[in-house]
Amino acid sequence: MRKQYVMTTVVLAMAAVVPMLAQTPFKPYPVSPRKIVIGKDPQITLCKDGKAAFEVVKPANPAAAKEALKELLLRLEQITGRKVVPVAKASGKVPAFYLGTCPEAEKLGLNPEKLDRDGFYIKTDGNRIFITGCDGGTGTKIQKATLFGVYDFLERFAGVRYYFPGEIGTIVPKKKDWTLPSIDITERPDMQKRRIYCYPCARPPLDTSKYFYPGLNRKNLIPPTWRNSTRKTLGANHGINALELGRRFSKTHPEYFALTKDGKRFDHTYSSARPSHKYGHLCFSSEGLKEEVYQDAVAALTGKPASTRGVSRWNYQWDPEAVSICPNDGIYWCQCPACKKIEAQGAQAINDHIWKFRVDIANKLKKNNIPGYVTANSYAQFSLMPSMELPDNINVSITPPGPWSMNIPSLWSREQKRMKDWVKRVHHKITIGTYATKALALVPEVPNFTPRAVGAYFKAQKDSIYGCFFEVGSDHWMFDFMNCYVFSKVLWNTDTDVEALMDEHCRLMFGKAASQMNRFYREIEDIWMHKIMKETIQTSLGEKWKVPTLYEIWTRIYSPEKVREISTLLDQAEKAVASDPESLKRVKFIRKEIWEPWRPLPELFRMTFPTGARGPCIPAGRKGSPWTGNWTSPPGKRRKLSG
């Protein structure tokens, strides 16, 4: 009998359109095709009438695929209620799962090395289910593609959802009957770089019982369920710091370091006033320094040990694919005669001077046939378009304001133009670093929950970027969870329907309270986007948000009326799921973690300051006031919040 299929096939044949870059495996566009073919009719029975019958074969490379195996076993047990013990060899009597690379997969032509980074296959063959990707490695070369494949399989075919780690944030449906159709999936990300960095800006001292939500490993703030890229290279931020220049050259070549106004050299010992000073600051007029960095680049790109250059180790931004020649944060401009002459010529001259340092190294690498990229960030003193031509072995990253800029037409228009100008200049997609983080928007205790803005932003940029360093962070980690979830989904597949994603999240998490919780999410996102993120200012660290005063926030934006309105909405949500313990638990959790952290503050603020008085941030004689302290700094280094 002829089989019927529901087929969805997406093939991106970019390699036929854009010339291949033979010198490095990285491409600023997808190369391997995406294929999704899922049959209509049930083909494999995993569970019937509550009785599960299947096997999981031990991976041929157990060390490489151990995380994938652990995850699959855990979820299969939760779904079916049956504890699963891996077998050395499939019996052939029941369906069998095969993970990672293995001879059986190779015979079916499943070769994950042909796929883009993090790509994987999910394929059925008779009663066998294969989930295979590249795994293992160390340092910059580590991959977990089979683990990503397991997540994808569980999401597509079991209904599992990973909103955040732990029981509350992970949806695992239980099944008495579970069948699979025929499956032929070749999957890979649309964007190569998908790095989430959760800036640790909780109010100190850190209350780990509240800040690290259930199930989160304190040592790993980024759960792998978010498909944070396993590629640790192609970093552009402060890469020169990795070269240990202060230790190597401060005594023998002090001229490599910025001359200060007091006549000293700003090496790694000069100042500890801010964390970035521990690396020192450089004199970009020093030809000797340029030659040393060039030789470091040659060594890294040709695979030589860091020790050959006197460096203790190559970090993730220095390897045979790419080297990051990006200056330290918050550059101190050298006061030597050559640099002062540049400074006197203005911003474009300063910008070009730093770009020339990098371009000269990139051109010399190209001239000497050294493969690989020079990654170069564009922000702060070097945020302007350089006047000189850029060689094609430079990979550019820029730092636009990001998702919160979309509601400011002038800012959004300027950001879009800058993005397109850079793409035109380098003749291929670029990467960005953007900062939806409270580290740049000091608004204590107010939820910066903006997943719809995050989704809209990255979908709008899909033709210009191949990835993003997404810095997030808040005084309460849960303020950010859906920002990160949506980011991970859209960067993996830019066709993701964000509205459908949010609707599904509310339905699966909150049951009959889905409508109220969706309205709650929309309300707090709208307030953040349109009442708080209204304006930006330029700083030495790039673009920073100019936020309302605490008085405005807690008397006008989150007014008593608005607070009562939202609280009533959450009351209605709890009432709607009063007979559904699981949904009620999730509603209460979100209420506690997103709504209640700051609930006492508006009234406390009104008690602290008389009606109509703005007053100083810290009331006189009021020790321990919530208006004191810098909630983004460690204890002992606190400063006043703007009041």
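The structure this text deals with has already been given above.
Draft legend 1. Focus on the environment of Leu 508. With respect to the secondary-structure elements, Leu 508 resides in helix α12 (residues 498-510). Classification of Leu 508 by relative accessible area gives partly exposed; the value is 26%. Sequence separation between Leu 508 and Val 160 is 348 residues, and the spatial gap between their C-alpha atoms is 9.9 Å. Those residues in contact with Leu 508 that lie beyond four places of it in its chain are Arg 161, Tyr 163, Ile 171 and Arg 586.

Draft legend 2. Main features of the nonpolar core. Counting 131 residues, the largest nonpolar core has Phe 458, Phe 481, Phe 520, Tyr 558 and Ile 590 as its most contacted members. Sequence-distant contacts of Phe 520, defined by excluding residues within four places in its chain, comprise Ile 566, Leu 569, Leu 570, Ile 590, Ile 594 and Trp 595. The next biggest cluster of nonpolar side chains, apart from the first, holds 35 residues, and it includes Ile 79, Ile 129, Phe 153 and Leu 180.

Draft legend 3. Representation of unusual backbone geometry. The residue Arg 227 is not glycine, and still its phi comes out positive at about 55°. In the Ramachandran plot, His 427 falls in the positive-phi region, its phi being about 70° despite a non-glycine side chain. Inspection of the secondary structure assignment puts His 427 in the loop between α9 (409-426) and β17 (430-437).

Draft legend 4. Focus on the sheet that holds β17. Within the open sheet, the six strands sit side by side as β13-β18-β17-β16-β15-β14. Their pairing is parallel. On the outer flanks of this sheet lie β13 (193-198) and β14 (322-324), each paired with one strand and no other. Pairs of neighbouring strands in the sheet enclose a mean axial angle of 20°, with direction left out of account. Of the pairings in the sheet, the one linking β14 to strand β15 (residues 373-378) comprises three bridges and is parallel in character. When the bridges of β15 are listed, Ser 324 appears paired with Thr 375. The strands touched by helix α11 (residues 481-492) are β13 and β18 (465-473); relative to β13, the strand with the most contacts, the crossing angle is about 170°.

Draft legend 5. Layout of the pairing of strand β12 (residues 178-187). Burial within β12 is extensive, with nine of its ten residues counted as buried. Across eight bridges, the pairing between strand β2 (residues 35-48) and β12 is antiparallel. Pairing of Ile 36 across the sheet is with Ile 185, part of β12. As judged from the four bridges shared by strand β6 (residues 120-125) and β12, these two strands associate in the antiparallel manner. Residue Ile 122 lies in a different strand from β12, and its bridge partner there is Ile 185.

Draft legend 6. Up close: α11. The first and last C-alpha atoms of α11 sit 17 Å apart over twelve residues, in line with the 16 Å expected at 1.5 Å per residue. Within the sequence span of α11, burial applies to Phe 481, Met 482, Asn 483, Cys 484, Tyr 485, Val 486, Phe 487, Ser 488, Lys 489, Val 490, Leu 491 and Trp 492.

Draft legend 7. Region of interest: the pattern of salt bridges. All chains considered together, the criterion is met by 36 salt bridges. In this structure, the salt-bridge partner of Asp 190 is Arg 34, at a minimum N-O distance of 3.1 Å. Here Arg 34 lies in the loop between β1 (5-8) and β2 and Asp 190 lies in the loop between β12 and β13, a separation of 156 residues in the sequence. Each member of the pair, Asp 190 as well as Arg 34, carries the same accessibility label: buried. Of the charged contacts in the structure, one is a salt bridge between Asp 125 and Arg 128, with a shortest N-O distance of 2.6 Å. Connected through shared salt-bridge partners, Arg 34, Asp 116, Asp 152, Arg 156, Glu 187, Arg 188 and Asp 190 make up one network.

Draft legend 8. Highlighting the side chain of His 353. Residue position: His 353 is located in helix α8 (residues 347-367). The residues contacting His 353, other than those within four sequence positions of it, are Phe 284, Ser 285, Trp 333, Cys 339 and Ile 342.

Draft legend 9. A look at the packing of helix α1 (residues 66-80) against helix α3 (residues 145-158). Contact geometry of α1 with α3 gives a least axis separation of 8 Å together with a crossing angle of 20°. What the angle tells us is that α1 and α3 run roughly parallel. Handedness of the crossing formed by α1 with α3: right-handed. Two secondary-structure elements touch here, α1 through Glu 67, Ala 68, Glu 71, Leu 72, Arg 75 and Ile 79 and α3 through Thr 146, Leu 147, Val 150, Tyr 151, Leu 154 and Ala 158.

Draft legend 10. Highlighting the packing of α12 against helix α16 (residues 581-595). Packing of α12 against α16 brings their axes to within 7 Å, and their N-to-C directions diverge by 120°. On α16, the residues touching Leu 508, Met 509 and Phe 510 of α12 are Ser 583, Arg 586, Val 587 and Ile 590. Among the residues forming the contact of α12 with α16, the class breakdown is five nonpolar, one polar and one charged.

Draft legend 11. Up close: the packing of aromatic side chains. Under the criterion given, the structure shown has 32 aromatic pairs. Judged by centre distance (4.9 Å) and plane angle (65°), the rings of Tyr 151 and Tyr 162 are edge-to-face. Of this pair, Tyr 151 sits in helix α3 while Tyr 162 sits in strand β10 (residues 161-162); the two residues are eleven residues apart in sequence, bridging distant segments of the chain. With respect to class, Tyr 151 is no different from Tyr 162; both count as buried. The rings of Phe 164, Phe 449, Phe 481, Phe 510, Phe 520, Tyr 521, Tyr 558, Phe 589 and Trp 595 are connected pair by pair, giving a single aromatic cluster. The cationic tip of Arg 82 hangs over the ring face of Phe 54; the distance from NZ or CZ to the ring centre is 5.0 Å. The ring of Tyr 98 is capped by Arg 128, whose NZ or CZ atom sits 5.9 Å from the centre of that ring.

What counts and how
- Residues numbered from 1 in each chain as written.
- Predicted model: local features only at pLDDT ≥ 70, side-chain atom pairs only at ≥ 80, totals over all residues.
- Heavy atoms only, no water.
- Helix = DSSP H or I, 4+ residues; strand = E, 2+ residues; numbered from the N terminus.
- Buried < 20%, exposed > 50% of the residue type's maximum accessible area, 1.4 Å probe, protein only.
- Contact = heavy atoms within 4.5 Å.
- Core = buried A, V, L, I, M, F, W, Y, C linked by side-chain atoms within 4.5 Å.
- Pairing = 2+ DSSP bridges.
- Axes fitted to C-alpha atoms, helices over the stretch in contact; angles between N-to-C directions.
- Expected span 1.5 Å × (residues − 1).
- Salt bridge = Lys/Arg side-chain N within 4 Å of Asp/Glu carboxyl O.
- Parallel < 35°, antiparallel > 145°, perpendicular 65-115°, else oblique.
- Left-handed = near helix turned anticlockwise from the far one by under 90°.
- Nonpolar A, V, L, I, M, F, W, Y, C, P; charged D, E, K, R; others polar.
- Phe/Tyr/Trp six-rings, centres within 6.5 Å; stacked < 30°, edge-to-face > 60°.
- Lys NZ or Arg CZ within 6 Å of the ring centre and 35° of its normal.

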